[in-house]
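# Inside the fold
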Amino acid sequence: MQASIRGCCAKATLARNAAAPSVKAWRSQITTHSLLTALRCHSHPAEASSSSNMHTESQQLLSVAPMMDWTDLHFRQLCRLISKQTWLYTEMVVDQTLLHNPDTDRFLWFPPEQHPIVCQLGGSNPKTLAAAAKVVAKYGYDEINLNCGCPSERVAGAGCFGAAMMLQPQLVAQCCQAMQEAVPHIPITVKCRLGVDETDSYEALCSFIKTVSEQSGVRHFIMHCRKCMLSGLNPAQNRTIPPLKREWALALKRDFPHLQFSLNGVVQNCQEAAAIIGHRQEGVEGGGGLHGVMIGRQAFYQTWSCLADADRAVFGATCNPAVSRRQVLEKYGKYADAMIGKWLVRDNGQKSPNVRTVFKPLLNMFHGERGSKRWKQAVDAKFKTATSVSELLRDTLQCFPDDVLDAPPKRQPVVAWQFDLNLPEPAPKRQCCGDVDSKRAVAMTEQLLNPNEFRLHGQHKGQVCGDATTDTDGDDQDKVLLAAGDCSVAASVAVS
């Protein structure tokens, strides 16, 4: 039922975006049944409106990380054919690209079945990010994510965004707030590192999370559980040399139980993801469980073995949508053939995308299987003459025996997650001391999470009521600690 509602909503979004020529072309390929479903949603706005929340109501337990040159439109389509519930992310799209390139379809368009899907934006200017978010919203994305983790020189160096943004938490908050105000119906999230250069303490990370969440309203942080070096290490080295500290994600959930944290960092497959999601911390509000897990390059290198059992192992489905690689390849072939030349067809017959581009995501579908090397060689030889992906597959899949092509997803057991139990100590609470009158003290408490309670230094307790405080021990003046969450303000309050 959920899947049918999701499809209905997505097709309604497609109808709303029909002004774009490429979307019109894709809609013409929808089956009569699907088109009738879309029209039914369009004719009943209440039904379409209620179903539009289905994507975001599904918890982001598992997602495929945004990766430049990897998680393009075609790879995401392959992932969606394998798993219906895994969340998909675009490659990072720079805000200026969307504002100065009239052909935004190339960067943002996607077929409706790719929901749930998140668009990751890169930038450091609140105004341009807000304008870009409005462009993204027109395509029906379920969330928008701000990149605060890419260490690439052209991004964090010359571009002054990506991981460099972690050194300016207030600017990150301003950017997120501007985007949220521009598209209030779309959640804004942040993907970041544990630290940058020498700003790599747990206390500094907590300060970043606190500033961004309190000043922008961001509630979900995806943590790439390594720090990065903006100079001295290239992006590949930044994925391996800085130590992996996945336990920090758990510590953040311990110290910010009201926020959501997802873990990204050397997760091998959906079974390991399920084990991480299932882990609980004793004595932590709500169990201290992580919101979700994000898988990076393993999803590209070993797409089938990584994702094929995800809907069952992670999301609790009774069965997985993909019964075999043969089935997935047949469906992908139909999609890919329709995409060839979608963006451009030159007079000389050159097409964009071409067969090689749309075939690229398939190259690791048989990783580790016998016949894989021979198949890749056969595919490479056929690229020169093949006019479609379906043709290429038909002429080369005989490299594999039927038991490989028709094997169902392997159902590996989910084992308990092994991690470092030595979590970092909670970051020290910040305090601000000073002599203020009772009205000022009340104003302070109104800015805190629990404005009606405070405690006196020592064992004294009292309440703030209206614009005065109650004296709990008869003194004319008490040293009061206005406390809420992880923010404390000490003030000397004159009792009325």
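Residues numbered from 1 in each chain as written. Predicted model: local features only at pLDDT ≥ 70, side-chain atom pairs only at ≥ 80, totals over all residues. Heavy atoms only, no water.

## Comments concerning the side chain of Asn 269
Relative to the helices and strands, Asn 269 is located in the loop between β8 (260-264) and α15 (270-278). What Asn 269 contacts, discounting residues up to four positions off in sequence, is Ile 295, Ser 305, Cys 306 and Gln 412. (Helix = DSSP H or I, 4+ residues; strand = E, 2+ residues; numbered from the N terminus. Contact = heavy atoms within 4.5 Å.)

## As for the layout of surface pockets
The volume enclosed by the largest pocket comes to roughly 810 Å³. As for the largest pocket, its lining consists of 32 residues, and the residues nearest its centre are Pro 66, Met 67, His 224, Arg 239 and Arg 297. At the level of secondary structure, the elements contributing two or more residues to the lining of the largest pocket comprise α10 (153-157), β6 (188-193) and α16 (298-301). Partitioned by chemical class, the residues of the lining of the largest pocket number 15 nonpolar, 10 polar and seven charged. (1 Å grid on protein atoms, 1.4 Å probe; cavity = no way out; pocket = protein on both sides within 12 Å on 5 of 7 lines; lining within 4 Å. Points joined across faces, edges and corners; volume = space filled by probe spheres on them. Nonpolar A, V, L, I, M, F, W, Y, C, P; charged D, E, K, R; others polar.)

## A look at the nonpolar core
Generally speaking, a soluble globular protein has its nonpolar side chains buried in company with each other. Among the nonpolar cores identified, the biggest contains 124 residues, and Leu 121, Ile 209, Met 223, Leu 362 and Trp 375 are the most heavily contacted of them. Every residue in contact with Leu 121, bar those within four places of it in the chain, is listed here: Met 92, Val 93, Leu 98, Leu 129, Ala 132, Ala 133, Val 136, Ile 144, Asn 145, Leu 146, Asn 147 and Met 179. (Core = buried A, V, L, I, M, F, W, Y, C linked by side-chain atoms within 4.5 Å. Buried < 20%, exposed > 50% of the residue type's maximum accessible area, 1.4 Å probe, protein only.)

## Brief notes about unusual backbone geometry
Keep in mind that most residues, glycine aside, have a negative phi and that most peptide bonds are trans. Put simply, His 115 and Pro 116 share a cis peptide bond, and its omega is -5 degrees. Between Ser 352 and the following residue, Pro 353, the backbone shows a cis peptide bond with an omega angle of 0 degrees. Tracing the backbone through its elements, the reader meets Pro 353 in the loop between β11 (351-352) and α20 (355-359). Of note in the backbone geometry, Val 266 takes a positive phi value of approximately 55 degrees without being a glycine. With respect to the secondary-structure elements, Val 266 resides in the loop between β8 and α15. Judged by relative accessible area, which is 43%, Val 266 ranks as partly exposed.

## Some words on empty space enclosed by the protein
Per the stated rule, a full pass over the model turns up three cavities of 30 Å³ or more. When its volume is computed, the second largest cavity comes out at roughly 40 Å³. Looking at the second largest cavity, the residues that line it are Leu 194, Asp 200, Lys 227, Pro 243, Lys 245 and Trp 248. When grouped by side-chain class, the residues that make up the lining of the second largest cavity number three nonpolar, no polar and three charged.

## Considerations on the pattern of salt bridges
Counted under the stated rule, the structure contains 12 salt bridges. Across the pair Lys 227 and Asp 200 runs a salt bridge whose closest N-O atoms are separated by 3.0 Å. One end of the pair, Lys 227, is in the loop between β7 (220-224) and α13 (235-238); the other, Asp 200, is in the loop between β6 and α12 (202-216), with 27 residues separating them in the sequence. Residue class for Lys 227 comes out buried when judged on its relative accessible area of 17%. (Salt bridge = Lys/Arg side-chain N within 4 Å of Asp/Glu carboxyl O.)

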